[in-house]
Amino acid sequence: MTAHSDTATSPRLHLSGRVLPEGAVRDLWIADGKISWKPVDDATTIVSGGWILPALVDSHVHLGITEIGGPLDMGALREDMRRLSRAGISAARVLGSPQRLPLSEQPLPGEPQLLTAGVPVAAIDRFIPGWGRRVPDHLLAQACTDEAQSGWGKIIADWFTPTGYGPCFSAEAIEAAVSAVHAIGARIAVHTQSSEAGARAAAAGVDSIEHGMHLPLSALDDLAAHGGFLVPTGFVFEQLKESMLDDSQPAELRDWFATGLEDHPSLVTGARDRGVPVLAGTDLPVGALVDEVSWLHRAGLSAHDSVGAASWTSRRVLDLPRLRHGDRADLIWFAHDPRDDLEMLRSPELAVIGGELSAAAP
Ligand SMILES: [Zn+2]
């Protein structure tokens, strides 16, 4: 077993190892930034042995944010993208930005591929001050189609009330928005943390439920029926626990958060049991993908499924490159099976992002 730590771009590469999720020993070649299943001439063998995975994916993240409610920061956006690449994360779904991301369609070699959702659409007075496109109920569908032009739209379907938390839009408005976005060939992600808004969104046929705190198990049946998926962002909720359960919070709000957090793992296993894909997403700040993978494992997913939530499963569900012949070459490599120690995912021993080879930095 050998591994070269050469950081120069190497146009023609060969790897041999156990390829996940199947785990069979295979040979892969890389030429012109793409995966080849057939031998290519003059390829340099960079690894022989070990474990090859489709590179990591963060399925719910916000980039270029330096201040909650503040404007998009282009310097921070570029630094976030470099940070993703260094961590072996070659794709991310950016679920809402202060303004639409000014990015080219095709990522450069070495850069992560971004799926973007424009500006999140929220009710007039129900979202983080300074962020979101604010609309009344009857204008939700139009705003969502405007913001979903790059492929994904995002609705903030519930938010804080003066004493608790609850829905922002009617069931009819959510249904109209889902139909309108699907009619232009785009997909719609919906932020929910209340049972009412979650149930409405799932029944309306949304493509994904984001967070999903308090989502009724019956809504998972609706998600399964429509081919939707769940991004539970459990780690970020754990991080918020202390501030949300502080005595200074209204009792109703504390109770809402405490019961939601307690029930969140059962949502993950409920989704798994119904065949609803569960994907790893980090929300804010950037950089907690492996923490979310570990949370999914603690919530009850197997190590295999927890890694898949940040790799092959998200790539299949989001239709991203996944080591098929002709796909963009996005992979990570480990000498040992990362399912035996999820912490290994923090520093892949090799990463190929868009065909560009690097020894990933910690
Ligand atoms: Zn978010």
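Definitions and cut-offs
Residues numbered from 1 in each chain as written. Predicted model: local features only at pLDDT ≥ 70, side-chain atom pairs only at ≥ 80, totals over all residues. Heavy atoms only, no water. Buried < 20%, exposed > 50% of the residue type's maximum accessible area, 1.4 Å probe, protein only. Helix = DSSP H or I, 4+ residues; strand = E, 2+ residues; numbered from the N terminus. Pairing = 2+ DSSP bridges. Axes fitted to C-alpha atoms, helices over the stretch in contact; angles between N-to-C directions. Left-handed = near helix turned anticlockwise from the far one by under 90°. Contact = heavy atoms within 4.5 Å.

A. A look at the pairing of strand β7 (residues 113-116). Burial along β7 is two-sided: the residues Gln113 and Leu115 and Leu114 and Thr116 are all buried. Here strand β6 (residues 89-94) runs beside β7; their pairing, made up of four bridges, is parallel. For Ala92, the partnering residue across the bridge sits in β7 and is Leu114.

B. Broad picture of the packing of helix α5 (residues 217-226) against helix α7 (residues 251-274). It is the contact of α5 with α7, at a shortest axis distance of 10 Å, that shows an interaxial angle of 35°. In the crossing of α5 with α7, the sense of the turn from one axis to the other is right-handed. Along the contact surface, α5 presents Leu217, Leu220, Asp221 and Ala224, while α7 presents Ser266, Leu267, Gly270, Ala271 and Arg274.

C. Examining unusual backbone geometry more closely. At the junction of Leu20 and Pro21, the peptide bond is cis and its omega measures out at 15° in the coordinates. Relative to the assigned elements, Pro21 resides in the loop between β1 (13-19) and β2 (24-31). The amide bond that connects Leu284 to the next residue, Pro285, takes the cis arrangement and shows omega of -10°. Position of Pro285 relative to the elements: it lies in the loop between α7 and α8 (289-299). For His211, which is not glycine, the phi torsion reads 75° and is therefore positive. As for its position among the elements, His211 is in strand β14 (residues 208-211). The class for His211 is buried, based on a relative accessible area of 3%. Phi is positive for Asp319, which is not a glycine, with a value near 55°.

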